[in-house]
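The chain contents come next:
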Amino acid sequence: MMSWTVSDAVDYKGSPADKSKTGGWVPAALILGIEIVERLSTMGIAVNLVTYLGGTMHLPSSTSANIVTDFMGTSFLLCLLGGFLADSFLGRYKTIAIFALIQTLGTGMLTLAVSLPQLRPPPCHRHDVSCQPAKGSQMGILYMALYLIALGTGGLKSSVSGFGTDQFDEKDDKEKAQMAYFFNRFFFFISIGTLTAVTVLVYIQDEVGRSWAYGVCSVSMLIAILIFLLGTKKYRYKKSSGSPIVHIFQVIFAAIRKRKMDLPYDVGMLYETTNSEATRIQHTQEFRVLDKAAIVAEGDFEDQYGSCSDPNPWKLSTVTRVEEVKMMARLLPIWATTIIFWTTYAQMITFSVEQASTMERSIGNFQIPAGSLTVFFVAAILITLAVYDRIIMPLWKKWKGKPGFSSLQRISIGLVFSIIGMAAAALAEKKRLTVAKSMGRHNSSTNLPISVFFLIPQFFLVGAGEAFIYTGQLDFFITQSPKGMKTMSTGLFLTTLSLGFFISSFLVSVIKKVTGGNGTDEGWLADNINNGRLDLFYWLLAVLGVINIVIYLICATWYKPRKPKSAIQMENPHTKNAAEEKC
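Now for a look at the structure at hand. Source: prediction; values computed, not measured. (Residues numbered from 1 in each chain as written. Predicted model: local features only at pLDDT ≥ 70, side-chain atom pairs only at ≥ 80, totals over all residues. Heavy atoms only, no water.)

1. Side note on the pattern of salt bridges
Opposite charge on two side chains permits pairing when their charged atoms draw close.
Okay, so step 1: Within this structure, the stated rule accounts for 13 salt bridges.
Okay, so step 2: A salt bridge links lysine 326 to aspartate 291; the shortest N-O distance between them is 2.9 Å. Here lysine 326, found in helix H8 (residues 319-336), pairs with aspartate 291, found in the loop between helix H7 (244-257) and H8; they are 35 residues apart in sequence, far enough to count as distant. The pair lysine 326 / aspartate 291 is uniform in exposure class, with both members buried.
Okay, so step 3: A salt bridge links glutamate 323 to lysine 326, with the shortest nitrogen-to-oxygen separation between them at 3.0 Å. Separated by 3 residues within a single helix, glutamate 323 and lysine 326 lie in helix H8, roughly one turn from each other. For the pair formed by glutamate 323 and lysine 326, the shared burial category is buried.
Okay, so step 4: Three or more residues are tied together by salt bridges with common partners; here these are Arg288, Asp291, Glu323 and Lys326. (Salt bridge = Lys/Arg side-chain N within 4 Å of Asp/Glu carboxyl O. Helix = DSSP H or I, 4+ residues; strand = E, 2+ residues; numbered from the N terminus. Buried < 20%, exposed > 50% of the residue type's maximum accessible area, 1.4 Å probe, protein only.)

The following block contains the structure:
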């Protein structure tokens, strides 16, 4: 007889979830809607923020770029906090609702910050000697708004995809197919939200007013929250098994406590309680120092009163739990070598937008907003995904017998595209600087007589790279991580974005200091980019990319996808009983 309830999910009353009344595509679509609006808000603010900081707040180019990259880096870093709160305390539903409200508060405050004349300096040309930058109090309000938005983004992104997949039952073949479709279209709809942000929203910012654009963000998020709450009775809710971060620290702490103990000659003597072959992870020889967390020691099964009890997880871990931590450790070399891509990506919403602001952007009587050049970036993502799905995958399957590139191959392709993209950016900037020098317009407020479309190759190449590396990273970190740590591995993936933005800020600060020079020499990253050598900064990123991909290929060759091993019997059936008898 077919079951009409989902075994591992409940409804809003806490009763077993009825398949006919909960879950499925409609609730998943309501959840997806709030992520689309989040992308609309965050990217709509980020891609055009550098022009506001320079043109209205009168900040130097390098400072403006770092504010944007720090904002984006913090947004992704806070995904770890959001994931921890969702797994340990709030659950995904409450986490989404609370952090969506926080983001709405942030966009509302940003609307206020750009509307009131008291919160910005008097208008002037940013490179005039008498032009005064924004005061500390004015920047304080702006920072508060931006980091409320970053906090909201972090909480949302940590739970939206997970709560969306909670609406499907993996044990039901029909719903499992629907969940796969949801995953496949998730990145596509995020890109649609970004596309709307860099076209419609950026145009409203430049031609109508930033207060109107940010107001649209606030109202859109409020509407999305209301729609999300309307689905409360239709959602399926799954209980968390606890924070993976806590589980990792438990294994590490237990291994440190027993660091002086010798490992047994037989792995069957290590502690294990998992009897199911489907959930048990076979013992491996890598990172053997962590195996000490599974050594059964005197007192591990005693509570504070000296009675036998379940072991304290901070003192004793199962072999399966130890192997989960080992699996996460094996991901780290690949994780580290993908960060540099997102450092390259950061230039597309900072210096590349500033380049565009100095160039000829007219098509007839229409003036293209500088921030809208990122439309070519998003278009490259959508085109690349379509070409890969419809052309490359069928051809690759016919030739190699495999359904497309592996996750590691896609990551390597993305890294190559980013290197070529930075080389193209350096060449385009060299051309722009030549025109600026020939026209003698280093301090001019008018646009240079060079078409902004010279920047299209760098946007397109890095955008195509993102299509490969984003899907490759997501696939790699989800499929190669333990089943109980999927949320953690997704957070690990998002930290590569965060660290990429922070490294961009670090590099900008270092280059600004090292190449600044004295007198009239402002270095590579001058306050007015017409006086700098941004092309050399791009070449530096290209060289770093080449070094990084060599290291990546070594790490990818070392990494072996985990395969189940049936030759080694991990658990001695008497292990647990013997431990309890010892107690």
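After that view, the rundown keeps rolling.
2. Looking at a positive patch on the surface
Okay, so step 1: Where like charges cluster on the molecular surface, the positive patch consists of Lys13, Lys21, Lys233 and Lys234.
Okay, so step 2: Counting through the fold element by element, lysine 13 comes out in the loop between strand E1 (5-10) and strand E2 (16-18).
Okay, so step 3: Taking relative accessible area as the criterion, lysine 13 reaches 63% and is therefore assigned exposed. (Patch = residues over 30% accessible without salt bridge, like charges linked within 9 Å, V, L, I, M, F, W, Y side chains within 5 Å. Areas by Shrake-Rupley, 256 points an atom, 1.4 Å probe, with all protein chains shown as cover. Lys, Arg positive; Asp, Glu negative; His and termini not counted. Charge placed at Lys NZ, Arg CZ, Asp CG, Glu CD.)

3. Section: the packing of aromatic side chains
Okay, so step 1: All told, the structure shown has 31 aromatic pairs when counted by the stated rule.
Okay, so step 2: Here phenylalanine 376 and phenylalanine 453 contribute two aromatic rings whose centre-to-centre distance is 6.3 Å and whose plane-to-plane angle is 85°, an arrangement assigned as edge-to-face. With phenylalanine 376 in helix H11 (residues 375-400) and phenylalanine 453 in the loop between strand E6 (448-451) and helix H13 (456-479), this residue pair connects regions lying 77 residues apart in the sequence.
Okay, so step 3: Seen from their ring centres, phenylalanine 476 and tyrosine 559 are 5.2 Å apart, and the 65° between their planes marks the pair as edge-to-face. Of this pair, phenylalanine 476 sits in helix H13 while tyrosine 559 sits in the loop between helix H15 (534-558) and helix H16 (575-582); the two residues are 83 residues apart in sequence, bridging distant segments of the chain. As far as the burial class goes, phenylalanine 476 and tyrosine 559 line up, both buried.
Okay, so step 4: Grouped by ring-pair contacts, the aromatic residues Phe76, Phe341, Trp342, Tyr345, Phe377, Tyr470, Phe476, Phe477, Phe493, Phe501 and Tyr559 constitute a single cluster. (Phe/Tyr/Trp six-rings, centres within 6.5 Å; stacked < 30°, edge-to-face > 60°.)

4. Focus on empty space enclosed by the protein
Okay, so step 1: Within this structure, the stated rule accounts for 4 cavities of 30 Å³ or more.
Okay, so step 2: Approximately 200 Å³ is the volume attributed to the largest cavity.
Okay, so step 3: Around the largest cavity sit 18 residues that line it, and Arg39, Ile190, Thr194, Tyr345 and Glu466 are the ones nearest its centre.
Okay, so step 4: For the lining of the largest cavity, the secondary structure elements donating two or more residues are helix H1 (25-55), helix H2 (61-90), helix H5 (173-208), helix H9 (339-348), H11, H13 and helix H14 (486-515).
Okay, so step 5: When residues in the lining of the largest cavity are grouped by element, the largest group, 4 residues, is from H5.
Okay, so step 6: Here the residues of the lining of the largest cavity are counted per class, giving 13 nonpolar, 2 polar and 3 charged.
Okay, so step 7: Residues from two domains meet in the lining of the largest cavity; each of domain 1 (1-124 + 132-240) and domain 3 (325-562) gives at least three. (1 Å grid on protein atoms, 1.4 Å probe; cavity = no way out; pocket = protein on both sides within 12 Å on 5 of 7 lines; lining within 4 Å. Points joined across faces, edges and corners; volume = space filled by probe spheres on them. Nonpolar A, V, L, I, M, F, W, Y, C, P; charged D, E, K, R; others polar. Domains from an automatic or database assignment.)

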